[in-house]
Every structure is written in structure tokens, then in C-alpha cells.
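What the coordinates show
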Amino acid sequence: MLNSGINVLFEGINMQRLLMGLLVTARVAVFSIIIGCTLGTIIGVIRTSKSKIIKMVFRIYLELFRIIPILVWLFVFYFVLPADFNINLDAEIVSIIVFSLWGAAEMSDIVRGALISLPKHQVESGKAIGLNTIQLYWYILIPQSLKRTLPSAINLATRMIKTTALLVMIGVIEVVKVGQQIIEHANLKNPTASFWVYGFIFFLYFIMCYPLSKLSQRLERKWAS
Amino acid sequence: MSEATPLLQVKKLVKKYNNKTILNGIDLTVDKGKVIVILGPSGCGKSTLLRCLNGLEDIQDGSILFAGQELIDPKVSWQKIRQQIGMVFQSYDLFPNMTVLENVLLGPIKVQKRDRAEALAQARELLQRVDLADRENDYPRQLSGGQKQRIAIVRALCMNPEIMLFDEVTASLDPEMVREVLNVILQLASQGMTMVIVTHEMNFARSVADEIIFLDNGNICEAGHPEDFFNNPQTDRAKQFLNILQF
Ligand SMILES: Nc1ncnc2c1ncn2[C@@H]1O[C@H](COP(=O)(O)OP(=O)(O)OP(=O)(O)O)[C@@H](O)[C@H]1O
Ligand SMILES: [Mg+2]
């Protein structure tokens, strides 16, 4: 019976465990988003440089994260690095590193796009009052482009939150993993446990991502006019 | 600087874009306190010349001397020179992320590292002079084209430049706003500001200029006193140019 199956969520400390799992998910996501966006903004600025080599190096970096699935990156950092280079990292740290690098790569493209779409006259009138390159970026170009990057940056953040579901694969005990454990434990006596547990996880992701995606839509509409 | 040194001296300046010669050996002398107006058909290189004077374009040959100092010398920093050369462009180029006052104070405070109170006092006085004292906390989007252009002039003036360069600053303005901007420039001229002005407003050119430079095909075709130039142009190109303007 479906309606009795919902009890699985409230049995013992199941609810607490799920929320603790959610906390791990949120922790990885929040750190990765903050580090990724900051690093990505800096790289985005560097990528507007005239140097061909600099442009190419960061272009390759971006493409690597686009072509190779994030799951593979997680495996590389979690299984390959310790085996071949004797670097042992906690799975959660590995997750934050991989997600931050991925976020930075995508963010750099967003920031770069916004910077190069600014009118050339902004650069020239900044130079005309004697600003140096750093001042030009700091006072004029970055503030003007940040507004344009916000909708896409929020989209990126929701993608990153959703992709944390992959962390199960390297053994991070996040919300999906906790859910699986609860289901395995309950399955014999409660055949509908998976429905309720995954349904609840669905709901948790929804309340994390929906407000962000709405916000980005609103900003996009507001700034389009 | 000795009496004899011109403020700005351009010698045999050559500017090319991908092997296409835009300016072909321009010689130009601007003495302190003088107003030079550059006229010429569209695409003849007027903007390019002004941009070279401010280091926004690199040059292929010749030299530019500012107060006797060679500007293409790699030891000279354009950042330093630009503080002494004010430039106003055709497009309203205020920084949209800053208020009027922030726009005006950015250069004096961040570039020249002047005392805020002192720069603020000067900014307010200049805003007063262009009749925009009450708009100091507005953002550029709240201003009309003419108002933005007057603020752009104030922003350049607040750096206390030795010379001002104006590139068709009224060209994208509605006719009724042209006047208010030109008045500001006329006022500057009467105060003895050294200026190089590119414009399509012939009456204004006539009244403000100490010397008219007529540019065509990357060369100075004709240079002289405005009355001589408008009443008695010497070259066919200049005659043609003036005729077109008179319908
Ligand atoms: N960045 C550039 N690259 C290549 N060619 C350019 C560039 N900028 C200008 N030119 C060319 O240089 C020539 C002179 O341009 P410039 O803008 O100086 O003309 P202008 O006299 O100011 O014309 P207008 O009266 O229309 O403003 C034009 O033929 C233009 O096509
Ligand atoms: Mg022009």
C-alpha cells in the first residue's frame, strides 16, 4: 500500500539521515559554486587578453571539461591520482575540486562573453581618462558585465547542484546515497520505499533549484528590456 | 616649457590600417590657447587623427610631441599623457554603472590620486558651469543625449587637461540639444582652453576656430584662418566640400 509506505521517511532517524545527506550535497555545491565563480571570473578576465597562447591554454581547459564527462573527472581525481601519484584525498574534497574546476571553466566563458560584448567605447573612454588596465576592468568592465552574467551564472549553479548526484559514484555519502541505504534496508518489508524516498529526494532538489531557476528567468526578462 | 614650444606638434604622421594608408604625412602645430578645427569629408581620417593624438591608435611613421616630449618614445607612458589630454567622443560614453558624480570623479581620484574633497569641489563647480549641478546623483540612463555629452566634457575637464580633443561631439544629438553642447565648447574657447575639434557644424567651426584644417585623402589639403577658408577656399576639394554643405 502506497499510503503506508510513506512511513519509511519517518522511521527511526531516517529523516535526519536524509537531511544530513542533503547537507553534504549542499556543502559541496556551495563551496564549488563560490570557488568556481570567483576563479571563473578571474579566468574570464584573463581570457580577454590579446595573447594567443593564453587564449589557447584556457580554451583547451574549457573544452576538456565540456568534452570529458564530469563522472570521468571524478574518477580521475579519486581513483587515478591516488594510485599513480600517491595523493590521497577525501571524496568530498575531490568533489569540490572537480566541481570548482568545472564551474570555473564554464564561468570563465560566461564572463568572457559578457566582457567582449561591452561597447568598445567604454574601453576607450576609460583609457582616455588615464585608467590603467586593472582600473579599467575593476571600475568599468567587470561591474558592467557582472549584471549580464548573472542569469547564466545562476543557470550554471543549478546545473552544478543537480550534478552533485554523481558524487555517489565515488562514495560520498550525500543525499542520494543515504536514500539508497534507506531503501535497501527497508525494501523487504516495505516494497514502496523507493518510491517515497526518491520522491522525497526529488522534492529536495526541486526546492534547491527551482527558486534559482525562477530568479534567473526573472532577471533575464527584467534586463532584456 | 619655453614660450616658443608649441603644446602639441605632429610631424609627418603616417597611420595605416592593414597596409591601407589613412593618414599620409600629417604636419600639425597647436599652440597653447589656440582652437584648431578639423574639417573634411566622411572617412577622410579625422577621427583617426584625433585618436592617434591620444594614443588610442599606434602610428606607423612620424612623431607626436606633447609639450616638447616625444610621445612614441617607449619610455613615455600613455597613462600619464592622457591625463593631460582630454577627449570627448561622438557616442555618449559615460560609464552606465556609475552616477554622474562618480563618472566625473573616477579620473581625478583613482588616476590622479587627488584629495576627494578638493576634486569634489571642482566637479561641482564644473557641473554648475554646464547647468547640471542638480543631476550629480543621476545615472547616465536618466539623462538626455545633450546632458550626457555635457557631463562627458566635464569628466574630461575635471582632470585639468592641457588640451581638449572633441570628435564630432554633437553628431548624434537631436538638433535642439546641439546648441547646449556647442555653447559649453564656446565658453571653453573664451577661457583660453587649447582645443582640437572635429565637427560638421560649419557656423560653429567658423566662430570658434583660430585655424581651420581641411583634411582629404589622408592629407592636409588646406589650412588657414576660418574667414579665408570659408570665403575664399583655395583648393577644388575644399570648394566642392563647402558647396555640398550649402545645398
Ligand atoms: N579599426 C579600423 N580598421 C580598419 N579601417 C579603419 C578602422 N577605423 C577606421 N578605418 C578606416 O579609416 C578611414 C578613416 O576613418 P575615420 O573614422 O578617421 O574617418 P572620419 O574622417 O572620422 O569620418 P567621419 O566623418 O565619418 O567620422 C575610413 O576609411 C575607415 O574605413
Ligand atoms: Mg569620425
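In this report, we go over the structure that sits alongside the text.

Conventions adopted
Residues numbered from 1 in each chain as written. Chains lettered and ligands numbered in written order. Predicted model: local features only at pLDDT ≥ 70, side-chain atom pairs only at ≥ 80, totals over all residues. Heavy atoms only, no water. Patch = residues over 30% accessible without salt bridge, like charges linked within 9 Å, V, L, I, M, F, W, Y side chains within 5 Å. Areas by Shrake-Rupley, 256 points an atom, 1.4 Å probe, with all protein chains shown as cover. Salt bridge = Lys/Arg side-chain N within 4 Å of Asp/Glu carboxyl O. Lys, Arg positive; Asp, Glu negative; His and termini not counted. Charge placed at Lys NZ, Arg CZ, Asp CG, Glu CD. Helix = DSSP H or I, 4+ residues; strand = E, 2+ residues; numbered from the N terminus. Buried < 20%, exposed > 50% of the residue type's maximum accessible area, 1.4 Å probe, protein only. 1 Å grid on protein atoms, 1.4 Å probe; cavity = no way out; pocket = protein on both sides within 12 Å on 5 of 7 lines; lining within 4 Å. Points joined across faces, edges and corners; volume = space filled by probe spheres on them. Nonpolar A, V, L, I, M, F, W, Y, C, P; charged D, E, K, R; others polar. Pairing = 2+ DSSP bridges. Axes fitted to C-alpha atoms, helices over the stretch in contact; angles between N-to-C directions. Contact = heavy atoms within 4.5 Å.

A closer look at a positive patch on the surface
On the surface, K147(A), R148(A), K214(A), R218(A), R221(A), K222(A) and R141(B) cluster together into a positively charged patch. Looking at the positive patch, the elements with two or more residues in it are helix 7 (133–163) and helix 9 (193–224) of chain A. Examining the composition of the positive patch, we find that four residues originate from one element, helix 9 of chain A, more than from any other. Relative to the assigned elements, K147(A) resides in helix 7. Judged by relative accessible area, K147(A) falls into the partly exposed class, the value being 46%.

What to know about the layout of surface pockets
It is a probe the size of a water molecule, rolled over the atoms, that shows where empty space is left. Considering only enclosed or pocket space, the largest pocket measures out at about 800 Å³ in volume. In terms of lining residues, the largest pocket is bounded by 27 residues, among which K50(A), V123(A), K127(A), L136(A) and Y137(A) are the most central. Among the secondary structure elements, those contributing two or more residues to the lining of the largest pocket are helix 5 (91–116), helix 6 (120–128) and helix 7 of chain A together with helix 2 (78–82) of chain B. Counted by class, the lining of the largest pocket contains 11 nonpolar, six polar and 10 charged residues. Reported here for the second largest pocket is a volume of approximately 510 Å³. In terms of lining residues, the second largest pocket is bounded by 16 residues, among which Q144(A), K147(A), R148(A), P96(B) and N97(B) are the most central. Counting residues per element, the ones that place at least two in the lining of the second largest pocket are helix 7 and helix 9 of chain A. Grouping the constituent residues of the lining of the second largest pocket by class yields eight nonpolar, three polar and five charged.

Brief notes about a nonpolar patch on the surface
Residue and element names in this part refer to chain A. Together, F202, F203, F206, I207 and Y210 line one region of the surface with nonpolar side chains, adding up to about 540 Å² of accessible area. Here I207 lies in helix 9. What makes I207 partly exposed here is its relative accessible area of 44%.

Remarks on the sheet that holds strand 8 (residues 194–198) of chain B
Across a sheet, strands are paired by hydrogen bonds formed along the backbone, either parallel or antiparallel in direction. Residues and elements named next belong to chain B. Read across the open sheet, the six strands follow the order 6-7-8-3-9-10; overall the sheet is mixed. On the outer flanks of this sheet lie strand 6 (85–88) and strand 10 (219–224), each paired with one strand and no other. The sheet shows a mean angle of 15° between the axes of neighbouring strands, taken without regard to direction. Note that strand 3 (residues 35–39) and strand 8 share four bridges and pair parallel. Pairing of V35 across the sheet is with M195, part of strand 8. Running over the sheet, helix 1 (residues 46–53) touches strand 3, strand 6, strand 7 (163–167), strand 8 and strand 9 (211–216) and is turned about 150° from strand 7. In this fold helix 9 (residues 236–245) packs onto strand 3, strand 9 and strand 10, with an angle of close to 100° to the strand it touches most, strand 9.

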